[in-house]
Amino acid sequence: MTTAAALALFAAVLAWPVPRLLAGARWTHGCPRAAIVLWQAIGLAGGVCALLAVVAFTVAPLSGSTPHGISHHLHNLAAGRPMSGLDWLSVLGLAMVAALASRLFGVLASSTYATLRRRSHHRNLVDLTGDDHTEEGCAAATAQAPARPGAAPRPYRHGVQDWAPRAAAGRHGLSGGTGECELCGHAGLRILDHPVAVAYCVPGVRHARVVVSRGLLTTLGPRELRAVLAHEDAHVIGRHDLVIQPFIAWQQTFPFLRPAWEATAAVSLLVEMLADDVAARRTSGKTLAKALAQLGVTRALVPAGTLGATGDLGTPRPTSPGGSSAPAGSGAPGNASSAGTPTAPRGPIAGGAGAAPQRPARGLAASRTATPPVAASVEPAEADPPSRSPVIARIVRLLDPPAVPWWHPVAAYAAAVAILTVPALLLTL
Amino acid sequence: MARLGDLERSVMDVLWDSDGWLTAREVAARLHHERDLAYTTVLTVLERLERKGFVQRQRAARAHRYLAVDAREAVVAEAMLEALGTADDRSSALVRFVGAVTAEEAEILRRALAQPAETDFTGADDPPADEAAALLVEAAATERVLPGTGEVPSVPEPSDTASSATGFTEGPEPN
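Rules behind the numbers
Residues numbered from 1 in each chain as written. Chains lettered and ligands numbered in written order. Predicted model: local features only at pLDDT ≥ 70, side-chain atom pairs only at ≥ 80, totals over all residues. Helix = DSSP H or I, 4+ residues; strand = E, 2+ residues; numbered from the N terminus. Contact = placed C-beta atoms within 7 Å. Buried ≥ 20, exposed ≤ 12 C-beta atoms within 10 Å, placed from the backbone. pLDDT = per-residue confidence, 0-100. Pairing = 2+ DSSP bridges. Axes fitted to C-alpha atoms, helices over the stretch in contact; angles between N-to-C directions. Parallel < 35°, antiparallel > 145°, perpendicular 65-115°, else oblique. Left-handed = near helix turned anticlockwise from the far one by under 90°. Expected span 1.5 Å × (residues − 1). Core = buried A, V, L, I, M, F, W, Y, C linked by C-beta atoms within 7 Å. Domains from an automatic or database assignment. Nonpolar A, V, L, I, M, F, W, Y, C, P; charged D, E, K, R; others polar. Arc of directions from axis to C-beta.

Student: Give a detailed account of the overall build of chain B, specifying residues and quantitative values.
Tutor: Tallying secondary structure elements over chain B gives eight helices and four strands in all. Sequence separation of 24 or more characterises 36% of the internal contacts of chain B that already satisfy a separation of 6 or more.

Below, the structure written as structure tokens:
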């Protein structure tokens, strides 16, 4: 009985105070990989302890030692007399074991299944509508490019004007005059023809997709684009979705536990930081930080709630008091044509064309903030604002990489091992 | 598999570009594929697309006729809605580069981005990014957007920030 109590206590500690402490800790940002391992250890040990606690409670009448009790009970089960030596309280425990286990694994299975289905559906969407970027198409488009009038003075090939979906998937070569195309060589890259800037990946074993929108290609410069793609590639290669999935399941299993939500948010942030680190090593942290900031600004123009609820993003609303000071310069001639983009979608976000982030004309560096001339509303999203600001935390971290004492990751790994061994130790009590 | 995916795309393009219902034979005729496709192949692809919910079928006199369920733009919009996380999103189906950003955060980012001068446009190593960093840290500290604001010095000496940011601190209570 002591064992059961100790296990239950440890499970409770792992379910409430420990995740809350760890979710609030900032040292984890210095060593995201070790912190993720620690989170995984906490989640795993917490689940195992909760189950073992009820098991220990069930078999307590059989033997003073829990391992003996379990083997005794298994022996009884094999002999066909499962109830021998158990009282009604133990039966209650047995029912609890069954309920807890089926809930834990059931939710894990169902949430994984739901995720896989949504992913597959989304992959269909981007495969059918997104342009892929073939090297042949890119080379062909680049070869034609110098002949195009008005193309020469543009710093980047992927302007709104020369975007002709389908006809030329590879118009955005020749970036920054280096002749190198950031999009080439990316298998599974899909370009969505939509003016809102977005970049994400659809994870998968063999069918992973990295999706960028036309808005992203027109918002970011080539170096920023390379950094973003490196970030997404890190997600795909590192299978970071597998890291997050169990925490999503944890959150769905215990939606009433706030630490479960905090854990998911913290692990998601750590995974992003992990990918940031990879991208920063391959390109430059400052470039990635700039890309993050630029996309963060454009994302705020697309309030999460209003987009889905009203389906009307384009209605010009008054700028909020402390909100965007849309630089007059960004309405420069170079952008005028984007308003008349022939491929403006008619769908629910059709109005987004007006609020789309636009690349300021060259030389108007002061207005690089990608703020659209149409003063879009920057009201906070209807959803609860995140308790911390992940984007800013990531940017600050990229710009000022924290000095990580060697013992931070070591301590995190050691703590993970310790947490995982505690259940075994408690069992032998 | 990639072959089939290309076919599905081509077939959807035909359906999206047409005004009305098309029979499988008409779809096959309009496909500009490298090789001539068997009618049955087109039929198979159409059935697959119908199963996936992108195509609807209507029984005509002797053959089936097909129509795209949604316009291409609507499908793009659906993908974008999912990508922006506006749909009911409790799963990790997509891994986003930037999640939700509040207005205050956007304002901080905008101010940080406004810092770089023209040199930054072509500069190789973004020297003004330091200023942006300074501004970010400062803004975050003063506007209490970052957790543990007491830990972030308002004078953003990079080394100070780094050392203090690594302390084992618990963040403030989330609302």
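Student: An account of the overall build of chain A is requested, with residue identities and associated values reported.
Tutor: Per the secondary structure count, chain A includes 15 helices and four strands. Sorting the 429 residues of chain A into buried and exposed places 53% on the buried side. For chain A, long-range pairs separated by at least 24 residues make up 76% of all intrachain contacts whose partners lie at least 6 apart in sequence.

Student: Can you tell me about unusual backbone geometry, naming the residues and giving the values?
Tutor: Despite not being glycine, Arg239(A) shows a phi value in the positive range, around 50°. The partly exposed category is assigned to Arg239(A), around which 13 C-beta atoms lie within 10 Å.

Student: If you had to explain the confidence of the model for chain B to someone new, which residues and values would you point to?
Tutor: Residues shown with low pLDDT carry predicted positions that ought not to be read at fine detail. All names here are of chain B. Residues of chain B with pLDDT of at least 70 account for 58%, and the chain-wide mean is 69. In the predicted structure, residues 117–128 sits below a pLDDT of 50 and forms 11 contacts with residues beyond four places in sequence or in another chain. Taken as a whole, residues 143–175 scores under 50 in pLDDT and shows 74 contacts with residues more than four places along the chain or in a different chain. Interface confidence in the predicted complex, given as ipTM, is 0.71; pTM for the same model is 0.73.

Student: Describe the pairing of strand S3 (residues 199–202) of chain A, with residues and values.
Tutor: All names here are of chain A. Neither face of S3 is exposed, since Ala 199 and Cys 201 on one face and Tyr 200 and Val 202 on the opposite face are all buried. Strand direction decides the pairing type here: S3 and strand S4 (residues 209–213), joined by four bridges, are antiparallel. Counted as the bridge partner of Ala 199 is Val 212 from S4. Remark: six residues form the turn of the hairpin made by S3 and S4, two consecutive strands paired antiparallel.

Student: Go over the sheet that holds S4(A) with me, naming the residues and quoting the values.
Tutor: Spatially, S1(A)-S2(A)-S4(A)-S3(A)-S4(B) is the arrangement adopted by the five strands of the open sheet, whose pairing is mixed. Sheet topology places strand S1 (131–132) of chain A together with strand S4 (95–96) of chain B at the edges, where each strand pairs with a single neighbour. By the bridge criterion, four bridges tie strand S2 (residues 189–192) of chain A to S4(A) in an arrangement that is parallel. For Leu192(A), the partnering residue across the bridge sits in S4(A) and is Ser213(A).

Student: Residues and numbers for the pairing of strand S2 (residues 55–59) of chain B, please.
Tutor: Residue and element names in this part refer to chain B. Of the strand pairs in this sheet, S2 and strand S3 (residues 64–68) are connected by five bridges, and their pairing is antiparallel. When the bridges of S3 are listed, Gln 56 appears paired with Leu 67. Where S2 folds back on S3, the antiparallel hairpin that results is connected by four residues.

Student: Run through the sheet that holds S2(B), naming residues and quoting values.
Tutor: Residues and elements named next belong to chain B. Sheet architecture is open: three strands sit in the order S1-S3-S2, paired in antiparallel fashion. Each edge of the open sheet carries a strand with a single partner, namely strand S1 (22–23) and S2. Each of S2 and S3 touches helix H3 (residues 39–52); the most contacted strand, S2, lies at about 115° to it.

Student: Describe the environment of Ala12(A), naming the residues involved and giving the relevant values.
Tutor: With respect to the helices and strands, the residue Ala12(A) is situated in helix H1 (residues 2–15). Expressed as a C-alpha distance, the spacing of Ala12(A) and Ala50(A), which sit 38 residues apart in the sequence, is 8.0 Å.

Student: Describe the packing of helix H3 (residues 32–59) of chain A against helix H10 (residues 258–282) of chain A, listing the residues and the values that go with them.
Tutor: Residue and element names in this part refer to chain A. For the pair H3 and H10, the least separation of the axes is 9 Å and the interaxial angle reads 150°. It follows from the interaxial angle that H3 and H10 lie roughly antiparallel. Crossing of H3 against H10: the hand is left-handed. Side by side, H3 and H10 meet where Pro 32, Arg 33, Ala 35, Ile 36 and Trp 39 of the first sit next to Ala 263, Ala 266, Val 267, Leu 270, Val 271, Met 273, Leu 274 and Asp 277 of the second.

Student: Explain helix H4 (residues 72–83) of chain B to me, and be specific about the residues and the numbers.
Tutor: Residue and element names in this part refer to chain B. Look at H4: 16 Å from first C-alpha to last across 12 residues, which is about the 16 Å you get at 1.5 Å a residue. Most of H4 sits inside the fold, with nine of its 12 residues counted as buried. All of the buried residues along H4 are Arg 72, Glu 73, Val 75, Val 76, Ala 77, Ala 79, Met 80, Glu 82 and Ala 83. Residue Gly 85 follows H4 closely and has a positive phi angle near 75°.

Student: Give me the environment of Arg57(B): which residues, what numbers.
Tutor: All names here are of chain B. Along the polypeptide, Arg 57 turns up in strand S2. Between the alpha carbons of Arg 57 and Trp 21 there is a distance of 8.6 Å; along the sequence they are 36 residues apart. Arg 57 has contacts with Glu 50, His 64 and Tyr 66, leaving out every residue within four places of it along the chain.

Student: Mind laying out the nonpolar core, listing which residues take part and the relevant values?
Tutor: Membership of the largest hydrophobic core comes to 134 residues, with the highest contact counts inside it found for Leu7(A), Ala53(A), Val267(A) and Val27(B). In terms of residues, this core owes the most to one element, H3(A), which gives 17 residues. Counting only domains with at least three residues in this core, you end up with domain 1 (2–68) and domain 2 (103–162) of chain B. Residues in contact with Val267(A), not counting those within four places in the same chain, are Ile36(A), Trp39(A), Val243(A), Ile244(A) and Phe247(A).

Student: Which residues make up the packing of helix H2 (residues 17–24) of chain A against H10(A), and what are the values?
Tutor: All names here are of chain A. For the pair H2 and H10, interaxial distance at closest approach is 9 Å and the crossing angle is 35°. Considering only the axes of H2 and H10, their crossing is left-handed. Listed contacts from H10 to Pro 19, Arg 20, Leu 22 and Ala 23 of H2 are Pro 259, Glu 262, Ala 263 and Ala 266. A per-class count over the contact of H2 with H10 returns six nonpolar, no polar and two charged.

Student: Go over the confidence of the model for chain A, please, and point to the residues and values.
Tutor: Residues and elements named next belong to chain A. In the predicted model, chain A carries a mean pLDDT of 73, and the fraction of residues at 70 or more is 69%. Here helix H12 (residues 304–309) stands out as the least confident element of chain A, with mean pLDDT 34; helix H15 (residues 407–427) is the most confident, with 94. Per-residue pLDDT stays below 50 along residues 303–387; that stretch engages in 166 contacts with residues further than four places along the chain or on separate chains.

Student: Tell me about H3(B), residues and numbers included.
Tutor: Residue and element names in this part refer to chain B. When the terminal C-alpha atoms of H3 are compared, their 20 Å separation across 14 residues agrees well with the 20 Å that a helix rising 1.5 Å per residue should span. Taken as a whole, H3 has its buried residues at Val 42, Val 45, Leu 46 and Leu 49. Seen from one end, H3 has its buried residues packed into an arc of 100°, which puts them on one side. When the buried face of H3 is taken as reference, the exposed residues oriented beyond 90 degrees from it are Thr 40 and Arg 51. The positive-phi residue at the C-terminal boundary of H3 is Gly 53, with phi of around 90°.

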